[in-house]
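# Commentary on secondary and tertiary structure
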Amino acid sequence: MSMWGRTLQFLPKQNQREGLLPWVIGVMLFLCALSLTSALALGRGLERWSAGLTSNLSVQIVVDDPMVRKAQTEDALRLLRATPGVAEASVMADADVIALLSPWLGEIPTDTGLPLPTLIEVKLTAPDAVNIKGLGERLMATASGARLDDHQAWMTQILNLAAVVRLLLAGIVVMVVLCTVAIVIFGCRAGLATHRESIEIMHLMGAEDRTISQAFDERYLAHGLKGGLFGVLMAGLTLYILIRLADDMGQGLIQASLPAASSLAWLALLPVLSGVVTMLTARITVRRALLDLM
Amino acid sequence: MITFENVGMRYGMGTEVLRDISFSLDRGSFHFLTGPSGAGKTTLLKLLYLAHRPSRGLVNFFGRDLATLERGALPRLRRRIGVVFQDFRLFDHLTAFENVALPLRIQGAKKAQVADHVEELLSWVGLEDRMHARPATLSGGEKQRVAIARAVINKPDLLVADEPTGNVDPDMSRRLMHLFVELNKIGTTTVVATHDEDLVRMIGAPIMRLDKGELNMIAGGTPLDPEAAA
Ligand SMILES: Nc1ncnc2c1ncn2[C@@H]1O[C@H](COP(=O)(O)OP(=O)(O)O)[C@@H](O)[C@H]1O
Ligand SMILES: [Mg+2]
């Protein structure tokens, strides 16, 4: 880039204040990329989790006589398995039922002969694959002791909480993105302030506004791309390391809330966006400064 | 060629720095612009090199009324005006050669087309050995000669210089003045602001004298320095 290139580059290659700009942009894009990916992954995780919740039902067979209970359980299972939208229906093992009850009843030995309720776990193919009310009525008709529980009461609260958390995440993402844009704009302006003198001299020598702002377009596009690339590469590297670590550790919270490596391709767009935002900011600022001159 | 009629100029909401300025500059004329510091010399020159619009009055450049000119027409007009700024205003990261070539580049010229011309002009101002030096390594007189070369590389119709001898020793002042006189002889209308009375007497050109924002035209005297006669 020299003054004899395609664009008349009259700006010095090195400028102390401007030299910081790509780094500032880089750090902001690093933070932006990380918060975007984690918010998206967390949001998706929450969505998957709540979908999992709503597609689980349980059926309790409340009959005292063990023989009748067994017969009704068979009937209920048959009906459930024949119902479209039900992916799976199975009787919960006694040990699991005890584990489920222990918070209320304390430790109970398995062989007390105490009547345990029979629980059928039902998995739906999708959260709303089945008309819950209709299914409950048909179950009662087939097996009088069958009680369908769709966990509505407590699930509504959890789903509301999940919705609030997702809204919060979206808000954080919007703030981080706006903040990044604002900092890029302020950084550009600070850099441009050091060039006021050069702009004025070029203007007084008869340079067209376009000629002058082209030099800045070129320079600031490069700043924005450079900073954006740096930030996104660092974010990508950070995420990659985290994903690898989580893979090594196996299942767990970290792994569950990390995005899949393949879903990160859109990150490549961020440097381009930062380049364009930087360039447009420079162009607008320069054109405005020029209009202040005669 | 250039006419001012009842021109007034104020900065922002301040009082008028220039009041009822009327004069005209004929093609090929040479004027000194004198007056005490703060009299408005720089302000008048800024009007002449199209850095400001006057607050009132009529200004005519090369037959065109400034008030009717659109902003887009001004760059072409500015290219016909060469300016030597009070504080050089060279680009520090560009060499003497590049600084001088800049006005040609602004008009879209390529390096190969202008190299000979730029080198010739730099030789003419005595800088053939300093062409590729940057301003930081040049003396005050050398910088001023680069600034003058940059101002005239376009063969401007009007040349404006703001205290071009302010930062150099008397001997260099005389040499720089000779450059202006030579340029004027080839037809460039020239206005040089200065408060150096000796230089004015030496050249003997007509004087535009500013005092507290008002202008008086004073006819030229007999040049003390015959070879510098304008
Ligand atoms: N950009 C400006 N804004 C406000 N006032 C100015 C500006 N430039 C000059 N002045 C004022 O205008 C008057 C004339 O200044 P100037 O034209 O620089 O005089 P000179 O060049 O003769 O010393 C001074 O009083 C100065 O303070
Ligand atoms: Mg002045």
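These lines cover the structure that appears in this document, whether it is placed above or below. Just so you know, these numbers come straight off a predicted model, no measurement behind them.

Reading guide: rules and limits
Residue numbers run consecutively from 1 along every chain, following the written order of its sequence. Chains carry letters and ligands carry numbers; both start at the beginning, A for chains and 1 for ligands, and go up in the order they are written. With pLDDT at 70 or above as the cut-off, local features in this predicted model cover only qualifying residues; side-chain atom pairs require 80 or more to be listed or tallied, and sums for whole chains, interfaces and linings still use all residues. Hydrogens and water are ignored here; the side-chain numbers use all heavy atoms of the structure. Elements are defined by DSSP. Helices are runs of H or I of four residues or more, strands are runs of E of two residues or more, and each kind is numbered from the N terminus. Think of it in three bands: residues with accessible area under 20% of the maximum for their type are buried, residues over 50% are exposed, and the middle band is partly exposed, with areas taken using a 1.4 Å probe on protein chains only. For accessible areas, the Shrake-Rupley method is used with a probe of radius 1.4 Å. Any residue's cover is judged against the shown protein chains and nothing else. One heavy atom within 4 Å of a molecule or strand makes the whole residue count as near it. We define a polar contact as two N or O atoms separated by no more than 3.5 Å, with the added condition that, inside protein, one atom must be a possible hydrogen donor and the other a possible acceptor, whereas residues neighbouring each other in sequence contribute only through side-chain atom pairs. The classification used treats Ala, Val, Leu, Ile, Met, Phe, Trp, Tyr, Cys and Pro as nonpolar, Asp, Glu, Lys and Arg as charged, and all other residues, Gly among them, as polar. For this analysis, residues touch if any pair of their heavy atoms sits within 4.5 Å. When two parts are put together, the accessible area they lose, computed with a 1.4 Å probe and summed over both, is reported as buried area. Salt bridges are identified by distance alone: a Lys or Arg side-chain nitrogen within 4 Å of an Asp or Glu carboxyl oxygen. Each helix should span, by expectation, one fewer than its residue count multiplied by 1.5 Å. Strand pairing follows a simple DSSP-based rule, namely that at least 2 bridges must link the two strands. To obtain an axis, a line is fitted to C-alpha atoms, over the contacting stretch when the element is a helix, and the angle between two such axes runs from 0 to 180 degrees between their N-to-C directions. We call a set of buried residues a nonpolar core when its members are Ala, Val, Leu, Ile, Met, Phe, Trp, Tyr or Cys and they connect through side-chain atoms within 4.5 Å of each other.

### A few points about the overall build of chain A
Tallying secondary structure elements over chain A gives 10 helices and four strands in all. Helices (α) and strands (β) of chain A occur, in sequence order from the N terminus, as α-α-β-α-β-α-β-α-β-α-α-α-α-α. Across the 294 residues of chain A, 41% fall into the buried class. A total accessible area of about 16400 Å² is found for chain A, and carbon and sulfur atoms account for 65% of it.

### A short note on the site of ligand 1
Residues and elements named next belong to chain B. Around ligand 1, the neighbouring residues are Tyr11, Val17, Pro36, Ser37, Gly38, Ala39, Gly40, Lys41, Thr42 and Thr43. Lys41 places a main-chain nitrogen or oxygen 2.8 Å from an oxygen atom of ligand 1. Take Thr42: an N or O atom from its side chain is 2.7 Å from an oxygen atom of ligand 1. Within the complex, the protein chains bury 55% of what would otherwise be the 560 Å² of accessible surface of ligand 1. Per element, the largest residue contribution to the shell around ligand 1 is three residues, and it comes from helix α1 (residues 41-48). Classifying every residue of the shell around ligand 1 gives four nonpolar, five polar and one charged.

### Quick word on the interface of chain A and chain B
Of the residues lining the interface, 25 residues belong to chain A; the matching set on chain B comes to 28 residues. Across the interface of chain A and chain B, roughly 2500 Å² is buried in total on both sides, 65% from carbon and sulfur atoms. Counting across the chain A and chain B interface gives four salt bridges. Linking Glu197 of chain A and Arg89 of chain B is a salt bridge whose minimum nitrogen-to-oxygen distance equals 2.9 Å. In this assembly, chain A and chain B are joined by 10 residue pairs in polar contact (both at pLDDT 80 or more). Among the elements of the structure, α7 (196-204) and α10 (269-292) of chain A are those that each provide at least two residues to the side of chain A that touches chain B. The dominant element in the side of chain A that touches chain B, judged by the number of residues it contributes, is α7 of chain A, at seven residues. Counted by class, the side of chain A that touches chain B contains 15 nonpolar, five polar and five charged residues.

### Let's talk about helix α6 (residues 170-185) of chain B
All names here are of chain B. Compared with an ideal rise of 1.5 Å per residue, which puts 16 residues at 22 Å, α6 spans 23 Å between its outermost C-alpha atoms and is within 8% of the ideal. Regarding α6, the residues found buried are Met172, Ser173, Leu176, Met177, His178, Leu179, Phe180, Val181, Leu183 and Asn184. Note on α6: the residue one or two positions beyond its end, Gly187, has a positive phi of about 110 degrees.

### Quick look at the sheet that holds strand β9 (residues 207-211) of chain B
Residues and elements named next belong to chain B. Read across the sheet, six strands follow the order β6-β7-β8-β3-β9-β10 without closing on themselves; strand pairing throughout is mixed. Bordering the open sheet on either side are β6 (81-84) and β10 (214-218), each of which pairs with just one other strand. For this sheet the average axis-to-axis angle between neighbouring strands, irrespective of direction, equals 15 degrees. The sheet contact formed by strand β3 (residues 30-34) and strand β8 (residues 189-193) spans four bridges and is parallel. Paired with Phe30 across the bridge in β8 is Thr190. Running at roughly 155 degrees to strand β7 (residues 158-162), α1 makes contact with β3, β6, β7, β8 and β9 of the sheet. On the sheet, helix α5 (residues 140-152) packs against β6 and β7 and is oriented at approximately 170 degrees with respect to β6.

### Quick word on the pattern of salt bridges
Tallied over the entire structure, the rule returns 14 salt bridges over all chains. The salt bridge involving Asp20 of chain B is made with Arg56 of chain B; its shortest N-O contact spans 3.1 Å. Linking Asp20 of chain B in strand β2 (residues 16-25) with Arg56 of chain B in strand β4 (residues 56-61), this pair joins segments that are 36 residues apart in sequence. With a relative accessible area of 46%, Asp20 of chain B lands in the partly exposed category. Several salt bridges converge on common partners, so that one network encompasses Glu197 and Glu200 of chain A together with Arg89 of chain B.

### Things to note about the nonpolar core
Formed by 84 residues in total, the largest nonpolar core has its most connected members in Met202 and Phe216 of chain A. If we ignore the near neighbours within four places in the chain, the residues touching Met202 of chain A are Leu8, Phe10, Ala207 and Ile212 of chain A together with Phe91, Leu102 and Ile106 of chain B. In terms of nonpolar packing, the next biggest core, distinct from the first, is built from 37 residues, Leu44, Val59, Leu66 and Val83 of chain B among them.

### Quick look at helix α3 (residues 96-106) of chain B
Counting buried positions along α3 of chain B yields 11 of 11 residues, so the element is predominantly enclosed. Burial in α3 of chain B covers these residues: Ala96, Phe97, Glu98, Asn99, Val100, Ala101, Leu102, Pro103, Leu104, Arg105 and Ile106 of chain B. Lining the buried residues of α3 of chain B we find α7 of chain A together with α4 (111-124) and α5 of chain B. Looking one or two residues beyond α3 of chain B, the residue adopting positive phi is Gly108 of chain B, at roughly 95 degrees.

By themselves, these observations are geometric and do not establish any function.
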